[in-house]
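# Structure at a glance
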Amino acid sequence: QVRLVERGGGLAQPGGSLRLSCATSGINFKIYTMNWYRQSPGNERELVATINSDGSTNYPDSVQGRFTISRDNARSTVFLQMSSLKPEDTAVYYCNTRARGQPFWGQGTRVTVSS
């Protein structure tokens with residue numbers, strides 16, 4: 001019933017940009033906090049952006065000033081605009097929320113930053 005579907009991953013050069021989206025269904029989207037996580041092989045899954053229902057946002061130092069999370073409540077979709085990309089941004093990016101007492105994850109979209 002609950003679905004999160006990420007799109008927009010791909011190959012970018014260092015210094016380039018990508019825009020990810022996560023379309024949701026099965027939840028009352030506008031009341032929930034939405035998150036983006038990323039994970040690369042051998043590393044822990046890392047929280048990279050959060051947007052709350054009131055529109056406030058949070059970022060770790062690793063992406064501060066380069067990534068922007070936003071939401072479109074009319075479309076039940078959350079976005080991640082990534083700029084000034086670095087090779088260390090290479091990872092699978094996942095959309096996440098907690099609803100109905102449990103976490104939900106998308107299938108992930110792969111981002112590769114390389115020359």
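What you see is a predicted model, and the numbers here were worked out from it, not measured in a lab.

## Examining the packing of aromatic side chains
Applying the stated rule across the entire model yields two aromatic pairs. Judged by centre distance (6.4 Å) and plane angle (90 degrees), the ring pair of tyrosine 94 and tryptophan 105 falls under edge-to-face. Placement of the pair is tyrosine 94 in strand S9 (residues 91–99) and tryptophan 105 in strand S10 (residues 102–105), with a sequence separation of eleven residues. Judged by its relative accessible area of 15%, tyrosine 94 is buried. Among the aromatic residues, those joined into a cluster by ring pairs are Tyr37, Tyr94 and Trp105. Stacked on the ring of phenylalanine 79, the Lys or Arg arginine 19 has its end atom at 4.3 Å from the ring centre. Its guanidinium or amino end placed over the ring of tryptophan 105, arginine 45 lies 4.6 Å from that ring's centre, counting from NZ or CZ.

## A few points about the side chain of arginine 66
In this structure, arginine 66 sits in the loop between strand S6 (57–58) and strand S7 (67–72). For arginine 66, the contacting residues outside a window of four places in its chain are Gln81, Met82, Ser83, Ser84, Leu85, Lys86 and Asp89.

## Digging into the state of the cysteines
The term disulfide refers to a covalent linkage connecting the sulfur atoms of a pair of cysteines. Taken as a whole, this structure holds one disulfide when the rule is applied. Two residues share a disulfide in this structure: cysteine 22 and cysteine 95, whose sulfurs sit 2.2 Å from each other. Its S-S torsion of approximately -85 degrees makes the covalent link between cysteine 22 and cysteine 95 left-handed. Of this pair, cysteine 22 sits in strand S3 (residues 18–25) while cysteine 95 sits in strand S9, and the two are 73 residues apart along the sequence. Both residues of the pair, cysteine 22 and cysteine 95, count as buried.

## Some remarks on the nonpolar core
Soluble globular proteins tend to pack their nonpolar side chains together in the buried interior. If you look at the biggest cluster of nonpolar residues, it comprises 28 residues, and the most contacted ones within it are Trp36, Val78, Leu80, Met82 and Tyr93. Residue assignment for this core shows that the elements contributing at least two residues are S3, strand S4 (34–39), strand S5 (46–51), S7, strand S8 (77–82), S9 and strand S11 (109–113). No other element matches the four residues that S9 contributes to this core. Not counting residues up to four positions away in its chain, the partners in contact with leucine 80 are Leu18, Arg19, Leu20, Trp36, Val48, Ala49, Phe67, Thr68, Ile69 and Tyr93.

## A word on the environment of valine 92
With respect to the helices, strands and loops of the structure, valine 92 is situated in strand S9. Exposure remark for valine 92: the relative accessible area of 12% places this residue in the buried category. For the pair valine 92 and glycine 16, spaced 76 residues apart in sequence, the C-alpha to C-alpha distance is 17 Å. Apart from the residues within four sequence positions on either side, valine 92 is in contact with Tyr37, Arg38, Gln39, Gly108, Thr109 and Arg110.

## Quick notes on the environment of glycine 108
The topology assignment puts glycine 108 in the loop between S10 and S11. When its relative accessible area of 15% is taken as the criterion, glycine 108 is described as buried. Through-space distance from the C-alpha of glycine 108 to that of threonine 77 is 15 Å; in sequence the pair is 31 residues apart. If we ignore the near neighbours within four places in the chain, the residues touching glycine 108 are Glu6, Val92, Tyr93 and Tyr94.

What counts, and at which threshold
- Residues numbered from 1 in each chain as written.
- Predicted model: local features only at pLDDT ≥ 70, side-chain atom pairs only at ≥ 80, totals over all residues.
- Heavy atoms only, no water.
- Phe/Tyr/Trp six-rings, centres within 6.5 Å; stacked < 30°, edge-to-face > 60°.
- Helix = DSSP H or I, 4+ residues; strand = E, 2+ residues; numbered from the N terminus.
- Buried < 20%, exposed > 50% of the residue type's maximum accessible area, 1.4 Å probe, protein only.
- Lys NZ or Arg CZ within 6 Å of the ring centre and 35° of its normal.
- Contact = heavy atoms within 4.5 Å.
- Disulfide = S-S within 2.5 Å.
- Core = buried A, V, L, I, M, F, W, Y, C linked by side-chain atoms within 4.5 Å.

On their own, these measurements won't tell you what the molecule is for.
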